[in-house]
Amino acid sequence: MKLIESAYEVDGVRLTGFLADGSRGAKVPGILLAHEAPGISNHVKSKATVLAERGYLCFVLDMYGRADLPLEEAREQSRILMSDAALLRRRARAALEVLAAHSHCDSSRLGAIGFCLGGIVALELARDRAPLRCAVGFHPGLMKPSGSTTAAIDAKILMIIGDDDPVIPAADRASFTQEMKEAGADWQLHVFGGVGHSFTNPDIDALGFPGFSYNERADKRAWDIMLALFDEVFES
């Protein structure tokens, strides 16, 4: 399936996302997909394609405004977003608006998913009470961006992590749990034993980062858990 580029702008910065349309002309649920810290990759594009093949309209957002950044520059962009929750939310909201405005999107049935940094983005949209039915994070860091606030959370929350993930200390896991309770959220936190960071990304091992590794079984299990939640929240 061919992905279609779609440009939009936030605070004078041109951002370019990618749309995978599996609607076949009908009104279908829209899924916003947020990329990892290194930026838009073949990994997230392939996940968008898989979702479109299941009949969803999926939009891969752009949080940086620059493609193919060297890893250190991408990390710096990630640090900028983590230091400014308002900026992160504006960029994510703008992408959600692009998705919701598409003629094949049922804007009453929206979800957000993300990988690594993207999981934080999906969760921030839920904290910001964006009109989502669910927010899903795969191996997200659970640290809140600076300036992030939480009141009530309406979207159903699903975060899936590895127990051996070096990016998620026990304190962040405990803080997330407490936050979800205080927000009155409908939430799930799945922890896979013996699994590290970026377990959904087949390309991660080539980077040689300690604690980062692909795990095919965890990848499949996590995806199936997400699809079950989609069945639940988009059934009507």
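Here's what I pulled together on the structure shown here. Fair warning: this is a prediction, and the values are worked out from it, not measured in the lab. (Residues numbered from 1 in each chain as written. Predicted model: local features only at pLDDT ≥ 70, side-chain atom pairs only at ≥ 80, totals over all residues. Heavy atoms only, no water.)

### Here's the deal with the packing of aromatic side chains
Thought 1: In total, this model carries 9 aromatic pairs according to the counting rule given.
Thought 2: Between Phe176 and Trp187, the aromatic rings sit 5.8 Å apart at their centres with planes inclined by 90°, giving edge-to-face as the arrangement. Remark: Trp187 occurs in strand 8 (residues 187-192) and Phe176 occurs in helix 5 (residues 170-182); sequence separation between them is 11 residues.
Thought 3: Phe176 sits in the buried class, given a relative accessible area of 1%.
Thought 4: Residues Phe230 and Phe234 carry aromatic rings whose centres are separated by 5.4 Å and whose planes lie at 50° to one another, so their mutual orientation is tilted.
Thought 5: Given a relative accessible area of 1%, Phe230 falls into the buried group.
Thought 6: On the basis of relative accessible area, Phe234 is assigned to the buried category, the value being 6%.
Thought 7: A connected cluster of aromatic rings, assembled from ring pairs, spans Tyr56, Phe230 and Phe234.
Thought 8: Taking NZ or CZ as reference, Lys45 lies 4.2 Å from the ring centre of Phe18, over its face. (Phe/Tyr/Trp six-rings, centres within 6.5 Å; stacked < 30°, edge-to-face > 60°. Helix = DSSP H or I, 4+ residues; strand = E, 2+ residues; numbered from the N terminus. Buried < 20%, exposed > 50% of the residue type's maximum accessible area, 1.4 Å probe, protein only. Lys NZ or Arg CZ within 6 Å of the ring centre and 35° of its normal.)

### Remarks on the nonpolar core
Thought 1: Core analysis: the biggest nonpolar cluster contains 49 residues, and Leu32 and Ile157 have the highest contact counts within it.
Thought 2: The contacts of Ile157, once residues within four sequence positions are left out, are Leu123, Ala126, Ala135, Phe176, Met180, Asp186, Trp187 and Gln188.
Thought 3: Formed by 31 residues, the second largest nonpolar core is a distinct cluster that contains Ala52, Tyr56, Cys58 and Phe138. (Core = buried A, V, L, I, M, F, W, Y, C linked by side-chain atoms within 4.5 Å. Contact = heavy atoms within 4.5 Å.)

### Topic: the side chain of Glu179
Thought 1: Along the chain, the position of Glu179 falls in helix 5.
Thought 2: With residues up to four places along the chain from it excluded, the contact list for Glu179 reads Arg127, Lys144 and Thr150.

### Things to note about the packing of helix 2 (residues 71-82) against helix 3 (residues 85-101)
Thought 1: At a minimum axis separation of 6 Å, helix 2 and helix 3 run at an interaxial angle of 105°. Taken together, helix 2 and helix 3 sit at an angle that is classed as roughly perpendicular. Across the interface between the two elements, Gln77, Ile80 and Leu81 from helix 2 touch Ala85, Leu87, Leu88 and Arg91 from helix 3.
Thought 2: Split by residue class, the contact of helix 2 with helix 3 holds 5 nonpolar, 1 polar and 1 charged. (Axes fitted to C-alpha atoms, helices over the stretch in contact; angles between N-to-C directions. Parallel < 35°, antiparallel > 145°, perpendicular 65-115°, else oblique. Nonpolar A, V, L, I, M, F, W, Y, C, P; charged D, E, K, R; others polar.)

### Overview of the sheet that holds strand 2 (residues 13-21)
Hydrogen bonds along the backbone pair up the strands of a sheet, which may run parallel or antiparallel.
Thought 1: Spatial ordering of the open sheet is given by 1-2-4-3-5-6-7-8, a layout of 8 strands whose pairing is mixed. Of all strands in the sheet, those with a lone pairing partner are strand 1 (4-10) and strand 8, marking the two edges. Going across the sheet, the axis of each strand differs from the next one's by a mean of 20°, ignoring polarity.
Thought 2: Pairing of strand 3 (residues 28-34) with strand 4 (residues 57-60) involves 4 bridges; the strand directions are parallel. Bridge pairing in strand 4 places Gly30 opposite Leu57.
Thought 3: Sheet strands touched by helix 3: strand 1, strand 2, strand 3, strand 4 and strand 5 (105-115). Its angle to strand 1, the strand with the most contacts, is close to 135°.
Thought 4: Here helix 4 (residues 117-127) sits on the sheet and contacts strand 3, strand 5, strand 6 (134-138) and strand 7 (156-162); the angle it forms with strand 5, its principal contact strand, is near 140°. (Pairing = 2+ DSSP bridges.)

### Digging into helix 4
Thought 1: In terms of burial, helix 4 is largely enclosed, as 11 of its 11 residues are buried.
Thought 2: Looking at helix 4, one finds that the buried residues are Leu117, Gly118, Gly119, Ile120, Val121, Ala122, Leu123, Glu124, Leu125, Ala126 and Arg127.
Thought 3: One or two residues past the end of helix 4 sits Arg129, with phi positive at roughly 60°.

### Describing the pattern of salt bridges
Thought 1: All chains considered together, the criterion is met by 17 salt bridges.
Thought 2: A salt bridge links Arg89 to Asp128, with the shortest nitrogen-to-oxygen separation between them at 3.2 Å. Placement of the pair is Arg89 in helix 3 and Asp128 in the loop between helix 4 and strand 6, with a sequence separation of 39 residues.
Thought 3: The salt bridge partner of Lys220 is Asp224, with a shortest N-O separation of 2.8 Å. Of this pair, Lys220 and Asp224 are both found in helix 6 (residues 216-233), 4 residues apart, which corresponds to roughly one turn of the helix. (Salt bridge = Lys/Arg side-chain N within 4 Å of Asp/Glu carboxyl O.)

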